[in-house]
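In case you want the letters, here they are:
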Amino acid sequence: MPYIELHACSAFSFLRGASSPEQLVEVAAELESPALALLDRNGVYGAQRFSVAAREQKVRSITGAELTMEDGSLLPVLVASRLGYANLCSLLTQAHLRSSVKGECTVRWEELPEFAQGLVALFGSGSAGCQPAACGSLPEAISPRVKCIVPGLRQAAANGRLAACPPQSAEDRAQGLIEAFGHENVYIEVQRHFLRGEDRVNRALTDIASKFQLAVIATNGVQYAKPYGRQVLDVFTCIREHTHLDLAGKLLSQNAERHLKSDAEMRTIFRDLPDAITNTERLADRLQFSLENIGYEFPEYLVPDGHTMNSFLRTMVLFGAQQRYESISKRVKRQLEKELALITRLGFSGYFLIVWDIVNFCRENNIMVQGRGSAANRSRFTER
Amino acid sequence: MNAPVLSIPSAVLPERTAKQIERAKETERILSILHQWGIHTLGQLAALPRDDLAARLGARVVELWERANGRAERILKLVSPPESFIESFEFENEIETIEPLLFILRRFLQQLATRLNAIYLVAKELRLRLTFADKSDYEGIFKIPQPTNNEDILFRMLHTHLENFTSKHPIVAVELEAQPSRSVRQQFGLFETALRDPMQLHETLARLVGLLGADRVGTPVLEETHETNDPYPTLSPGQRRAGESTAVRELIPLRRFRKPTKMTVLLESHRPAHVRTEGVRAGLAVRVGLTMDGATVMQEGPYPLSGNWWDEQAWARVEWDVEIENGIIARCYCDQEGWAIDGIYD
């Protein structure tokens, strides 16, 4: 069972990733990796390009995202199904709508249970609470000394006090994630970048895995495709922190280990945790969602009884055409039939009806209406 | 005796606001009218009927009339010029030793302290200016950590500084200035620790600066670079859990050598198996009676580190924490120049 990288971020994680999705896929293909997961920060902006590039390189693309939680921690999630993708997008949309600062958003802990279906959560080294490992200190989020205050997400959400008191300790968070996502959908994530102190963190994480009987997976928290990407990342870090290289000090990376690594390299690094490697493929097998079969559905338009959206659109089109042309010529009729057939075939009737409704509303209320050049805007149907 | 005359001595007026200027212009207008009426003295003004004046000349003349009749009061404000606390002296004969200078400085301090005490202020800074025979100057500024008027403390501060002071030319004049401030009254928090005697620390530091030079006394700060990394080890002696490759029971600090010592390392399976320093450092290793030579019983690493890749000071090293069979835990590293020992854990 080959190792599969399940935690990589691209340059679509603004100033936190140094390689484009295409570069990541290209290197994954070079390393003969059968699949690769892209988890960008608070968004799926790079997923489409990633998916296209992966198809070209015959690497299976796995979608996910790193969610910034309200307490500043990070929650990496992977999409297992179409419902999971919808849930992830809902979580991100809500978080972005709430935010007053462009590009920044936070997900609330109490939102997770509602949108957890179809998602797999990773808990561990890739989470923000564990990142001080890079500095060699055991983070408080992992410290066993921190008392468990909140028993679980569902219970706390029910009590209405989760927002005010997010999970405090590492065990608390693990328990909360299990309750929100389900036991089989939470994985402990361990990373090794040869930094002082990270073994202490990983040991604490494996202890939690044993306690809750969770599977452990190894990831490399990839931020660049090749080792030289570290230099780009350092520059990005300076831009993000409004400083320059000479003054950035310990903000910069300690080494260049956050690149895509081969199966052999990862097996050597995690030779004491072989299951953490094999579990990556087991988990990847479960994550069958792909943007190729996304099957987007436009919202439905409420039509009068006895009509479908297609028939109602047809009726309204013919009505509108009669008003415009008085008598409909064969040429116009042929064009209308052609356009309607295409719209019906693509399932866009609802979309056209909604645009028509908006245009009507604007006209009735004396609001100037100007479209943005979409097909619906330019169609004869909405032109009248 | 001449009667008081109606006039405005503009030369003595301070800088005025726009409103004041407008009022002054209004007053001037009223005065010119009064003069035209033949009213030249305060007595003549006071004798005029108030209401008739107001009806003819407006509200401003009422203020003037009331003032002339002694019915309006303007309280005088005491404005005192900023006081300077400077004492200076020009020596009749050039002085070349410290004693006469200290003598005059003590007298200055007594006078300054008396003057400051009289207005309930304390000195927060002293400025000493010495003028030499060649007309050059020397100026020393002494910030007082805890503002005080205690002449002994202030004198000790100057004395400590002047003890190590030398000049090429004899002194012809001295000036001492004190910067006053309000006396500090501070209540410390229950869990705050404060210096028992900030002056003593300041004096000690001043002595150290005098002995060692200003560039050799300071406060240690952590460097903002990964090159001098986490001072804590990943290994600690004893109490390992069975089957555990590494265990950290407690964090112990690294005693970093001022200059890393070269060492020879024998690798087995790419891990340090035996270490030996080429020249054992006199100092710590000797003091504890241990040598940095022997097989390693535990190794933790590698920790590859690199930085400054953007300039000529680029560096890269691979660090290891090793426990030698005699119990010493050391941090060693390998860079372009070979193996070296960075320090040992206390």
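### Some thoughts on the overall build of chain A
A tally of helices and strands in chain A yields 16 helices and seven strands. Across the 384 residues in chain A, those meeting the buried criterion constitute 51%. In chain A, the share of contacts with a sequence separation of at least 24, taken over all contacts with a separation of at least 6, comes to 74%.

### Quick word on the environment of B:Leu162
Here B:Leu162 is to be found in helix H6 (residues 151–163). Taking the C-alpha atoms as reference, B:Leu162 lies 9.0 Å from B:Gly210; in sequence the two are 48 residues apart.

### Quick notes on the packing of helix H1 (residues 18–37) of chain B against helix H4 (residues 59–68) of chain B
Residue and element names in this part refer to chain B. Interhelical geometry of H1 versus H4 gives an angle of 80 degrees and a closest axis separation of 10 Å. When the interaxial angle is binned, H1 and H4 end up roughly perpendicular. Of H4, the residues touching H1 (which contributes Arg23, Glu26, Thr27 and Ile30) are Arg60, Val61, Glu63 and Leu64. Of the residues belonging to the contact of H1 with H4, the class tally is three nonpolar, one polar and four charged.

### Details of the confidence of the model for chain A
Residues of chain A with pLDDT of at least 70 account for 85%, and the chain-wide mean is 85. Taken as a whole, residues 128–164 of chain A scores under 50 in pLDDT and shows 84 contacts with residues more than four places along the chain or in a different chain.

### Some words on the pattern of salt bridges
When their charged atoms lie close together, side chains carrying opposite charge are able to pair. Residues and elements named next belong to chain A. Here the structure, examined in full by the defined rule, presents 37 salt bridges over all chains. Linking Arg98 and Glu111 is a salt bridge whose minimum nitrogen-to-oxygen distance equals 2.6 Å. Here Arg98, found in helix H3 (residues 82–98), pairs with Glu111, found in the loop between H3 and helix H4 (112–115); they are 13 residues apart in sequence, far enough to count as distant. Relative accessible area serves as the criterion here: at 8%, Glu111 is assigned to the buried category. Arg314 is paired through a salt bridge with Glu337; the nearest N and O atoms lie 2.4 Å apart. Residue Arg314 is found in helix H12 (residues 309–325), and its partner Glu337 is found in helix H13 (residues 330–346); the two are separated by 23 residues along the sequence.

Thresholds applied
Residues numbered from 1 in each chain as written. Chains lettered and ligands numbered in written order. Predicted model: local features only at pLDDT ≥ 70, side-chain atom pairs only at ≥ 80, totals over all residues. Heavy atoms only, no water. Helix = DSSP H or I, 4+ residues; strand = E, 2+ residues; numbered from the N terminus. Buried < 20%, exposed > 50% of the residue type's maximum accessible area, 1.4 Å probe, protein only. Contact = heavy atoms within 4.5 Å. Axes fitted to C-alpha atoms, helices over the stretch in contact; angles between N-to-C directions. Parallel < 35°, antiparallel > 145°, perpendicular 65-115°, else oblique. Nonpolar A, V, L, I, M, F, W, Y, C, P; charged D, E, K, R; others polar. pLDDT = per-residue confidence, 0-100. Salt bridge = Lys/Arg side-chain N within 4 Å of Asp/Glu carboxyl O.

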